[in-house]
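Examination of the molecular architecture
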Amino acid sequence: MFNYEDVKVKFTGEGNRVDFDRVVYERNTNTLKEMPDKEIVKLVYELRTSTAEQIRNIISKKFNINPGKVDQRIKKLVALRLITRYQFAINSNGQTIKTANMYMLDVNGKNWLEGEDMIDVEWNQKDNLAINAHQEVFFGRLVTNELISKYLLNCSTFYSYEIKPRIKFDKNGKEGYIRPNAIINFGKKEKQVHFLVYSVRKYEGWEKDFKQTLVYLEDLYRYFKPGKQLKQEPILTFICESDSHLKECYQILEKSQVPQTYTVYTTDKLIDENEPANSIAIVKRSDNGNIVIEYPELKQLR
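All residue numbers refer to positions counted from 1 along the written sequence of the respective chain. Restriction of local features to residues with pLDDT of at least 70 applies here, the model being predicted, together with a cutoff of 80 or more for giving and counting side-chain atom pairs; totals for whole chains, interfaces and linings are based on all residues. For the side-chain quantities, the full set of heavy atoms in the structure was used; hydrogens and water were omitted.

So, a positive patch on the surface
Patch definition: residues with relative accessible area over 30% and no salt bridge; like charges joined within 9 Å; nonpolar side chains (Val, Leu, Ile, Met, Phe, Trp, Tyr) joined within 5 Å. Accessible surface is estimated by sampling points in the Shrake-Rupley manner with a 1.4 Å probe; for residues, cover comes only from the protein chains shown. The rule for a salt bridge is simple: a side-chain nitrogen of Lys or Arg has to be within 4 Å of a carboxyl oxygen of Asp or Glu. Within this scheme the basic residues Lys and Arg register as positive and the acidic residues Asp and Glu register as negative, but His and the chain ends are omitted. Where a charge sits is defined by one atom per residue type, namely NZ (Lys), CZ (Arg), CG (Asp) or CD (Glu). A grouping of Lys 164, Arg 166, Lys 168 and Arg 179 is seen on the molecular surface, where their side chains present a positively charged patch. Owing to a relative accessible area of 38%, Arg 166 belongs among the partly exposed residues under this scheme. Note on classification: 1.4 Å probe, protein chains only; a residue is buried when its accessible area is under 20% of the maximum for its type, exposed when over 50%, partly exposed between these limits.

Below you can see the structure in the form of structure tokens.
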């Protein structure tokens, strides 16, 4: 789903400059509204890279807004350069296949959020332009957001999520931290199950980066103590590109000290084609040493 190799980036947003005065005017005349316009801009910033379907699903679910209205407002926000969009063109067997539009924050969106909400928006134009050099990062964001969107819509036990959280823990008096792609919490406020989500894409040198990620995770479990962010040991959820890639990840992980009892996997295809309860894979070695992938039904994700 988000693991293409022969890819070209196409800009499909608003190319001309749009003065921020126009945004101010439309805000003052109530043409732009807090709901859903600013909430969409805030979500696009939060997700970093998202599809219209992901935006539509999350906004309509969280605020009980008609999905069709969300689509209309997305077009308006692009025209005002509050958000912008790109598209991947994939060369497959001599044919060009275009992906759905991907949405990211634009300059007027940054100014709007900073000016009215008085927050420090960590974004500049170079963040979007990096899509050409680091496509794997953007694919990783998209598939993470796809997982969040599916769980938010379809899991009755879904509680909350956070993108790229900084999760701190104590290492014998020293501060350690990890930054997964996302944390998804299930259950209730006082009792939760945490999924730490890492999207693993097969770019050149991915194995080295994956091994380094596992070093940090080893420390998390070695020194784990319940706290505000993690009330109990989290479940590691690695999003792999395919079953074969999943096995490669498992072979690296089994040589680490990360506890496999807290590790599950999923793939782009499992997320795309299955309900959440059937989207998780468990990996282990059989008695003869072969890697076995099992797909249990997790009723807790219904």
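Side note on the side chain of His 194
Here a strand is any run of E in DSSP of at least two residues, a helix any run of H or I of at least four, and the numbering for each starts at the N terminus. Relative to the assigned elements, His 194 resides in strand 10 (residues 191-199). Two N or O atoms count as a polar contact when they lie within 3.5 Å, although within protein this holds only if one can serve as hydrogen donor and the other as acceptor, and sequence-adjacent residues are included solely when both atoms are side-chain atoms. Looking at His 194, its side chain comes within polar contact range of the side chain of Asn 185, at 2.7 Å. Here, residues are in contact when the closest pair of their heavy atoms is within 4.5 Å. When neighbours within four sequence positions are excluded, His 194 is seen to be in contact with Ile 183, Ile 184, Asn 185, Gln 229, Leu 230, Lys 231, Gln 232, Pro 234 and Ile 235.

Things to note about the pattern of salt bridges
Here the structure, examined in full by the defined rule, presents 21 salt bridges. Glu 116 is the partner of Arg 27 in a salt bridge, and the nearest nitrogen-oxygen pair spans 3.3 Å. Of this pair, Arg 27 sits in helix 1 (residues 20-28) while Glu 116 sits in helix 5 (residues 107-117), and the two are 89 residues apart along the sequence. You can call Arg 27 partly exposed: its relative accessible area is 22%.

Focus on the pairing of strand 5 (residues 102-105)
A pair of strands is labelled paired if DSSP reports no fewer than 2 bridges between them. Across two bridges, strand 2 (residues 50-51) lies against strand 5 in antiparallel orientation. Note that in strand 5 the partner of Thr 51 across the bridge is Met 102.

Function-wise, these values are silent; they only describe arrangement.
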